[in-house]
Amino acid sequence: MFEMFDDERIKRRRILSRAIVAIVVGILMVVIPYDVLINMLFFVIGLMIIFSNILPCLAYWSAYSNDKRYLSMAIISTVSVVIGFLFMFWHDTVISIILAIWLIIMPIIRIVLSQNKKEQLKSEIPLFIIAVFLFFVPASTIFKYVILVFGGILIIFGLASIILLLLNKNNNSNGSNKPKDDKVIIDAKIKDL
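Participant: Describe the side chain of S80, listing the residues and the values that go with them.
Facilitator: Assignment of secondary structure puts S80 in helix 3 (residues 71-89). Take S80: its relative accessible area is 3%, and that puts it in the buried class. With sequence-adjacent residues up to four places away left out, S80 is seen in contact with I49, N53, W102 and M106.

What follows is the structure in structure tokens.
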């Protein structure tokens with residue numbers, strides 16, 4: 001965010017630290033046994049689902065006592081919290097079915113509640129495709145390959161960043177022997193108004 005105010009040394013350190021973190025995380029994703037990694041991943045996903053839906057759940061249920069229109073949103077947020085707990089503690093192939101059903105029911109509810117049903121349907125089509133795919137292929141199989149590919153991409157990204165940093169450093173050191181010319185030429189025309 002403040003990179004434009006940093007000098008070159010700080011920028012290089014920032015790039016190097018990001019590259020090292022990417023390499024370490026990528027290696028961990030490739031080396032850690034799949035079962036341990038998937039347990040950690042589903043636990044984090046479950047926590048994210050719970051934390052992003054617990055306050056809306058409480059707000060919708062408290063608003064429901066005054067206004068009955070909040071019932072559907074209260075049910076949706078409650079189901080989301082329950083699914084978050086299922087992600088944390090029960091994530092076998094059954095979770096794929098639950099996730100697929102969730103990816104079908106939630107978009108249908110959003111389509112029904114939407115003012116512009118045709119546009120909402122268009123935006124929900126990818127979720128329907130993912131849901132159909134999850135009925136036939138277990139999520140654990142998909143995640144296994146996604147984690148391996150993502151870990152490999154992180155390793156490649158980190159290595160490429162370090163290589164580019166070294167190449168940039170070599171180019172700067174070769175060009176630093178030349179004298180600097182601080183003169184700037186500006187071509188401008190002045191017109192009277």
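Participant: Got a sec to walk through a nonpolar patch on the surface? Specific residues and values, please.
Facilitator: Judged by side-chain polarity, I27, V30, V31, Y145 and L148 come together as a nonpolar surface patch covering roughly 470 Å² of accessible area. For the nonpolar patch, the secondary structure elements donating two or more residues are helix 1 (8-31) and helix 6 (139-175). A per-element tally of the nonpolar patch places helix 1 first, with three residues. The topology assignment puts Y145 in helix 6. The exposure class of Y145 is exposed, given its relative accessible area of 53%.

Participant: Kindly report on the nonpolar core, identifying the contributing residues and their values.
Facilitator: Counting 18 residues, the largest nonpolar core has M29, F87, L99, W102, L103, L134 and I147 as its most contacted members. A total of five residues in this core trace back to one element, the largest contributor, which is helix 4 (residues 93-113). If near-sequence neighbours (up to four positions away) are discounted, I147 is found in contact with M29, Y34, L37, I38 and L41.

Participant: Could you give an account of the packing of aromatic side chains, naming the residues involved and the relevant values?
Facilitator: One pass over the full model with this rule turns up one aromatic pair. With a centroid separation of 5.7 Å and 85° between ring planes, the pair formed by W61 and Y64 is classed as edge-to-face. Of this pair, W61 and Y64 both sit in helix 2 (residues 34-64), three residues apart, roughly one helical turn. The ring centre of Y64 lies 4.6 Å from the NZ or CZ of K68, which sits over that ring.

Participant: Help me get a handle on the environment of I27, residues and values and all.
Facilitator: Among the structural elements, I27 can be located in helix 1. Residues contacting I27, with those up to four places away along its chain left out, are I32 and I155.

Participant: Report on the side chain of E124, specifying residues and quantitative values.
Facilitator: With respect to the element layout, E124 can be found in helix 5 (residues 117-136). Residues within four places of E124 in sequence aside, it is in contact with P107, R110 and I111.

Participant: An account of the pattern of salt bridges is requested, with residue identities and associated values reported.
Facilitator: All chains considered together, the criterion is met by three salt bridges. Of the charged contacts in the structure, one is a salt bridge between D67 and R69, with a shortest N-O distance of 2.6 Å. A salt bridge links E124 to R110; its shortest N-O distance comes to 3.0 Å. Pair noted here: E124 is in helix 5 and R110 is in helix 4, with a separation of 14 residues, a long-range link.

How each quantity is defined
Residues numbered from 1 in each chain as written. Predicted model: local features only at pLDDT ≥ 70, side-chain atom pairs only at ≥ 80, totals over all residues. Heavy atoms only, no water. Helix = DSSP H or I, 4+ residues; strand = E, 2+ residues; numbered from the N terminus. Buried < 20%, exposed > 50% of the residue type's maximum accessible area, 1.4 Å probe, protein only. Contact = heavy atoms within 4.5 Å. Patch = residues over 30% accessible without salt bridge, like charges linked within 9 Å, V, L, I, M, F, W, Y side chains within 5 Å. Areas by Shrake-Rupley, 256 points an atom, 1.4 Å probe, with all protein chains shown as cover. Salt bridge = Lys/Arg side-chain N within 4 Å of Asp/Glu carboxyl O. Core = buried A, V, L, I, M, F, W, Y, C linked by side-chain atoms within 4.5 Å. Phe/Tyr/Trp six-rings, centres within 6.5 Å; stacked < 30°, edge-to-face > 60°. Lys NZ or Arg CZ within 6 Å of the ring centre and 35° of its normal.

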